[in-house]
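Tertiary structure, described
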Amino acid sequence: MRARIETEAFGNSSNQAIFMVSGWAMPKEVMRSFALRLSQRFYVVVANLPGISLDEQWISRSRIGPNYDIAALSEQLIEVAPKEAWWIGWSLGGMVSAYVAARRSSRVLGLITLSSSPSFIKREGWEDAMAVADFDAFVALVEQSPEEGLKRFVMLQAKGADNERALIKQLQAFLPVKTLSRPALIGGLRLLKSLDVRREWSLLDLPNLHLLGGKDALVSSKSLEQQADVNPLQQCVVLSNCAHQSFLEDEETCARHIENFIDANNT
């Protein structure tokens, strides 16, 4: 059966494995440079979320609609991930990875998230997040004009970055314009709105590191302060000069944090 998830691998497969999950609407290519950096020491497999791809042939060959049910999505990712790996998830990919790590910990050595939190939107007891009205307005924009929605998303991702204009240009080059899938975009947004993994986050029984941008306009670095005491295995690092793509803005610092964290928790 054809895999639902598109992946790309880097490095020596005999090395310890890292499985990286990209974020909403952004293809795995946005993480390629970072994956190559980490592949100096690790075997790195990078995954797209369903229906997101820059490969026109992949999209044309796929006869399976993108599935964003969290249980089904988790199984699809597990199917293509190395059997034992450190899971690294960016933004929505981090939320999904946290869900997998909490519920299928036998397949996960440890969890690392980038610019991610247990809930993307405001909820009772979770105030440092996007207002529901603002999120719904963005969904309406994407439904009306996916292209304009993606452009708006790129601007929000780069907002606050030291090199904001250059980062916008860099991110725009990764947008899946020719392979745009409206069902994938809307499915991902519905999951982003519904997903609340605070319980899973608190129950993680494996090492977990969370890298956050101090200038991130989408995910508040303050949000995880509410989770600071709920899990003794949790570590949070705020990169004060980064926005939503620390792995692009300060690749080397991110890589060193991850390497040091894995080294410290390898047994």
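An account of the accompanying structure is given in this report. Note that the coordinates shown come from a computational prediction; the quantities given were computed from them, not determined experimentally. (Residues numbered from 1 in each chain as written. Predicted model: local features only at pLDDT ≥ 70, side-chain atom pairs only at ≥ 80, totals over all residues. Heavy atoms only, no water.)

**With respect to the overall build of the protein chain**
A count of helical and extended segments in the protein chain gives 11 helices and seven strands. A buried classification covers 56% of the 267 residues belonging to the protein chain. Of the roughly 11600 Å² of accessible surface on the protein chain, a fraction of 46% belongs to carbon and sulfur atoms. For the protein chain, the centre of its 28 positive side-chain charges and the centre of its 31 negative side-chain charges are spaced 5 Å apart. (Helix = DSSP H or I, 4+ residues; strand = E, 2+ residues; numbered from the N terminus. Buried < 20%, exposed > 50% of the residue type's maximum accessible area, 1.4 Å probe, protein only. Areas by Shrake-Rupley, 256 points an atom, 1.4 Å probe, with all protein chains shown as cover. Lys, Arg positive; Asp, Glu negative; His and termini not counted. Charge placed at Lys NZ, Arg CZ, Asp CG, Glu CD.)

**Section: the packing of helix 5 (residues 132–144) against helix 6 (residues 146–158)**
Where helix 5 contacts helix 6, the two axes come as close as 5 Å, and the packing angle between them is 135 degrees. Looking at the two axes, helix 5 sits oblique to helix 6. Within the contact between the two elements, helix 5 uses F138, L141, V142 and Q144 and helix 6 uses P146, E148, G149, R152 and F153. (Axes fitted to C-alpha atoms, helices over the stretch in contact; angles between N-to-C directions. Parallel < 35°, antiparallel > 145°, perpendicular 65-115°, else oblique. Contact = heavy atoms within 4.5 Å.)

**A closer look at unusual backbone geometry**
In this model, A25 sits at a positive phi of 70 degrees, which is unusual for a non-glycine residue. Looking at where A25 falls in the secondary structure, it is placed in the loop between strand 2 (17–21) and helix 1 (32–38). Even without being glycine, S91 reaches a positive phi, approximately 55 degrees. Within the element layout of this structure, S91 appears in the loop between strand 4 (85–90) and helix 4 (92–103).

**So, the packing of aromatic side chains**
Within this structure, the stated rule accounts for eight aromatic pairs. Through a chain of ring-to-ring contacts, the aromatic side chains of W24, F138 and F153 assemble into a single cluster. (Phe/Tyr/Trp six-rings, centres within 6.5 Å; stacked < 30°, edge-to-face > 60°.)

**Remarks on helix 8 (residues 182–194)**
The end-to-end C-alpha distance of helix 8, which contains 13 residues, comes to 18 Å, matching closely the 18 Å that a straight helix rising 1.5 Å per residue would cover. The complete set of buried residues in helix 8 reads A184, L185, I186, G187, G188, L189, L191 and L192. Structurally, helix 8 contributes buried residues whose contacts are with helix 3 (70–80), helix 4, helix 5 and helix 6. (Expected span 1.5 Å × (residues − 1).)

**With respect to the environment of N163**
In this structure, N163 sits in the loop between helix 6 and helix 7 (164–172). The class of N163 is partly exposed, set by a relative accessible area of 36%. When the C-alpha positions of N163 and C242 are compared, they lie 9.6 Å apart, and in sequence the two are 79 residues distant.

**Observations concerning empty space enclosed by the protein**
According to the stated counting rule, one finds two cavities of 30 Å³ or more in the structure shown. In this structure, the largest cavity occupies an estimated 120 Å³ of space. Taken together, 13 residues make up the lining of the largest cavity; nearest its centre are F120, F138, F153, L192 and L218. A per-class count over the lining of the largest cavity returns 11 nonpolar, two polar and no charged. Here the second largest cavity is characterised by a volume of approximately 40 Å³. Looking at the second largest cavity, the residues that line it are S117, S119, F120, W126, D128, A129, M130, L218, V219, S220 and S223. Residues that form the lining of the second largest cavity fall into these classes: six nonpolar, four polar and one charged. (1 Å grid on protein atoms, 1.4 Å probe; cavity = no way out; pocket = protein on both sides within 12 Å on 5 of 7 lines; lining within 4 Å. Points joined across faces, edges and corners; volume = space filled by probe spheres on them. Nonpolar A, V, L, I, M, F, W, Y, C, P; charged D, E, K, R; others polar.)

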